[in-house]
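What the coordinates show
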Amino acid sequence: MFPELKNDRFIRALLKQPVDTTPVWMMRQAGRYLPEYRASRAHAGDFLSLCKNDEFACEVTLQPLERYELDAAILFSDILTIPDAMGQGLYFETGEGPKFKKVIRTEADVDALPIAKVNDLDYVMKAVTTIRNALGGRVPLIGFSGSPWTLATYMVEGGSSKDFRHIKGMMYKSPEILHELLRKLAISVTDYLNGQIKAGAQAVQIFDTWGGVLSGPKYQEFSLMYMKQIIDGLIRVHDGKKIPVIMFTKNGGQWLENMAASGTDALGLDWTTDMAEARARVGNKVALQGNIDPCVLYADKDVIRDQVGEVLAGFGNGSGHVFNLGHGIHQFVDPEQPKYLIDAVHELGAQYHQEASDQLDKLNNLD
């Protein structure tokens, strides 16, 4: 048994339950902008060694919580663990990002590709359990995976891409081959996320980083359809607690209505989508997460506070908003800056939950 959760603000907001103020966490909150993270990475030797050692993964997951009053921790890992477990040979080139020793380009390549087994990703499950225990109920732990489409982009391109010519070429020329790859990835991701939930993750997020490079019809067919399949197959209640799901498609604001109908509990928004418009469009169907421009963290603290206020006002009154950046925090941000953002969210967010806060106070007094 894990320690009882003390701060459930994040979980409650995802489930649109009353909270005292708006919860906040940051994508890539454990990362290169923190000097302590850079020290841990140097000690581990390289990025993959950091991910594959549960003690190191736990250490860096907790680092931002020692600095900031965050409402959630997120597992320190990488979205490309699944392709690595499928035998593609993940490695990192300095300054060039992720690469694979094998790439997927043909029907034979896809046919030879195994579905990732949770046992092959045991180091991730071990890290989840280690982190959950180390948190001691302080805040919830988020597990995550890349979406099938996003994982496929790396697998077919062989790494990062600016034009996605290989995978889009496959999509238009041989769609049946790409569908088979995405089918295998959807099964792998479902098993992977369920493994994380069983290991201790209290919420999960699907990162569809590259869904926004698709046209509308192709997004529905090659990205959203497979994320729906994953959501349908996820454990939604574990140990008597609901496990919320967050779907985040970067540059996907034009498809909010379709995403909201996927079965997810929450949608992540990047900074190009207006928060007020997003709430009006999805209504009470899902919670929303986001969505301040990460570059705001290069500004003075007064500007950060004003921009936080604008996002909070955009969502307005009531629960169902988790504050976050519109994408990951940049490596060049001064680590003093996020504190201004996080403190502003908690301070300014309370006014939008006053009725709920009064109700919670009455319940606490009854206890």
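Below is a summary of the structure that appears in this document. (Residues numbered from 1 in each chain as written. Predicted model: local features only at pLDDT ≥ 70, side-chain atom pairs only at ≥ 80, totals over all residues. Heavy atoms only, no water.)

1. Remarks on the packing of aromatic side chains
Throughout the structure, instances matching the rule amount to 7 aromatic pairs. Between Phe164 and Trp210, the ring centres sit 5.2 Å apart and the planes meet at 55°, which makes this aromatic pair tilted. Of the two residues, Phe164 is situated in the loop between α8 (148-157) and α9 (165-173) and Trp210 in the loop between β5 (203-208) and α11 (216-233); the sequence distance between them amounts to 46 residues. According to the relative accessible area criterion, Phe164 is buried, its value standing at 6%. Judged by its relative accessible area of 25%, Trp210 is partly exposed. Site record: aromatic cluster; members linked through ring pairs are Tyr37, Phe47, Phe76 and Phe92. When the ring centre of Phe315 is taken as reference, the NZ or CZ atom of Arg279 above it lies at 3.9 Å. (Phe/Tyr/Trp six-rings, centres within 6.5 Å; stacked < 30°, edge-to-face > 60°. Helix = DSSP H or I, 4+ residues; strand = E, 2+ residues; numbered from the N terminus. Buried < 20%, exposed > 50% of the residue type's maximum accessible area, 1.4 Å probe, protein only. Lys NZ or Arg CZ within 6 Å of the ring centre and 35° of its normal.)

2. Here we look at the layout of surface pockets
Considered as a void within the structure, the largest pocket measures approximately 1400 Å³ in volume. Arg28, Arg32, Phe47, Asp78 and Phe92 are, among the 39 residues lining the largest pocket, the residues nearest its centre. Looking at the lining of the largest pocket, the elements with two or more residues in it are α2 (35-44), α3 (47-52), β2 (90-93) and β3 (97-100). Taken together, 21 residues make up the lining of the second largest pocket; nearest its centre are Leu5, Arg132, Gln202, Asp239 and Lys241. Of all elements in the fold, only α1 (9-14) and β7 (241-242) reach the threshold of two or more residues within the lining of the second largest pocket. Among the residues making up the lining of the second largest pocket, the classes are represented as 9 nonpolar, 4 polar and 8 charged. (1 Å grid on protein atoms, 1.4 Å probe; cavity = no way out; pocket = protein on both sides within 12 Å on 5 of 7 lines; lining within 4 Å. Points joined across faces, edges and corners; volume = space filled by probe spheres on them. Nonpolar A, V, L, I, M, F, W, Y, C, P; charged D, E, K, R; others polar.)

3. Considerations on empty space enclosed by the protein
Tallying each qualifying case throughout the model produces 3 cavities of 30 Å³ or more. Here the largest cavity defines a volume of roughly 50 Å³. In terms of lining residues, the largest cavity is bounded by Lys16, Arg279, Gly283, Asn284, Val286, Ala287, Phe315, Ser319 and Gly320.

4. Quick look at the environment of Ala72
Mapped onto the elements of the fold, Ala72 is located in the loop between α4 (54-67) and β1 (73-74). As for Ala72 and Leu141, which are separated by 69 residues in sequence, their C-alpha atoms are 6.0 Å apart. Excluding its chain neighbours within four sequence positions, the residues that come into contact with Ala72 are Phe10, Val24, Trp25, Gln29, Leu65, Val139, Pro140 and Ile142. (Contact = heavy atoms within 4.5 Å.)

5. Describing the packing of helix α5 (residues 81-88) against helix α10 (residues 175-199)
At a minimum axis separation of 10 Å, α5 and α10 run at an interaxial angle of 120°. On the basis of the axis angle, α5 is oblique to α10. Crossing hand, α5 versus α10: right-handed. Note on element contacts: α10 touches α5 through Lys184, Leu185, Ser188, Val189 and Tyr192, opposite Thr81, Ile82 and Met86. (Axes fitted to C-alpha atoms, helices over the stretch in contact; angles between N-to-C directions. Parallel < 35°, antiparallel > 145°, perpendicular 65-115°, else oblique. Left-handed = near helix turned anticlockwise from the far one by under 90°.)

6. As for a negative patch on the surface
On the surface, Asp300, Asp302, Asp306 and Glu310 cluster together into a negatively charged patch. Inspection of the secondary structure puts Glu310 in helix α14 (residues 301-315). (Patch = residues over 30% accessible without salt bridge, like charges linked within 9 Å, V, L, I, M, F, W, Y side chains within 5 Å. Areas by Shrake-Rupley, 256 points an atom, 1.4 Å probe, with all protein chains shown as cover. Salt bridge = Lys/Arg side-chain N within 4 Å of Asp/Glu carboxyl O. Lys, Arg positive; Asp, Glu negative; His and termini not counted. Charge placed at Lys NZ, Arg CZ, Asp CG, Glu CD.)

7. Regarding α14
With 15 residues, α14 extends 22 Å between its outermost C-alpha atoms, agreeing within 8% with the 21 Å of an ideal straight helix rising 1.5 Å per residue. Residues of α14 that are buried include every one of Ile304, Val308, Val311, Leu312 and Phe315, and no others. Angularly, the buried residues of α14 cover 100° about the axis, an arc narrow enough to put them on a single face. Projecting away from the buried face of α14 at angles above 90 degrees are the exposed residues Asp302, Asp306 and Glu310. Next to the buried residues of α14 lie α13 (275-282), β10 (287-289), β11 (321-322) and α15 (337-349). Looking one or two places after α14, you find Gly316, whose phi comes out positive at around 85°. (Expected span 1.5 Å × (residues − 1). Arc of directions from axis to C-beta.)

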